[in-house]
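Report on the structure
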Amino acid sequence: MPITISDGGVVCLTQPQSVDLGQIRAQSLNVNVTAGNITQNSTTNIVVSGLASLTATGTIQLNNATNSFGNLVLSSPQTTITVSGAMTIGSMQVLDAMS
């Protein structure tokens, strides 16, 4: 079941396994997955007006075109992000060599 948060302020989530994000509206979002992936339910969008920081040992995959982030910080071996409108990428850590 996807995690859903509506009208959240500061949202922090640490999971020991993969997490599926549902509908999320927050001022800031911090998701840390210590063993697995961060994915998004296909029928939802994620709107974070401020900083969204996502860390996973596996893949980060947020593919909905209605996603919106103020600033985005990512740490993952593989990342796919789709957004609506402008976005500032705060930092990105590439854990594998790029070709």
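We now turn to the structure provided with this report. This structure is a prediction, so every number in the text was calculated from the model and none was measured.

Secondary structure summary: the protein chain contains zero helices and eight strands in total. Among the 99 residues that make up the protein chain, the fraction classed as buried is 34%. Carbon and sulfur atoms form 51% of the exposed surface of the protein chain, whose accessible area is close to 5300 Å².

With 20 residues, the main nonpolar core has Leu 29, Val 31, Ile 38, Ile 46, Leu 54 and Leu 62 as its most contacted residues. Put simply, the parts of the chain that give this core at least two residues each are strand S1 (3-15), strand S2 (19-33), strand S4 (46-56), strand S5 (59-62) and strand S6 (68-76). Dropping the residues within four chain positions of it, Leu 62 is found in contact with Leu 21, Ile 38, Thr 39, Gln 40, Ile 46, Leu 54, Asn 67, Phe 69, Thr 80, Ile 81 and Thr 82.

Here we take up the environment of Leu 74. Along the chain, Leu 74 turns up in strand S6. Note: C-alpha distance between Leu 74 and Leu 54 (20 residues apart in sequence) is 5.1 Å.

Rules used throughout
Residues numbered from 1 in each chain as written. Predicted model: local features only at pLDDT ≥ 70, side-chain atom pairs only at ≥ 80, totals over all residues. Heavy atoms only, no water. Helix = DSSP H or I, 4+ residues; strand = E, 2+ residues; numbered from the N terminus. Buried < 20%, exposed > 50% of the residue type's maximum accessible area, 1.4 Å probe, protein only. Areas by Shrake-Rupley, 256 points an atom, 1.4 Å probe, with all protein chains shown as cover. Core = buried A, V, L, I, M, F, W, Y, C linked by side-chain atoms within 4.5 Å. Contact = heavy atoms within 4.5 Å.

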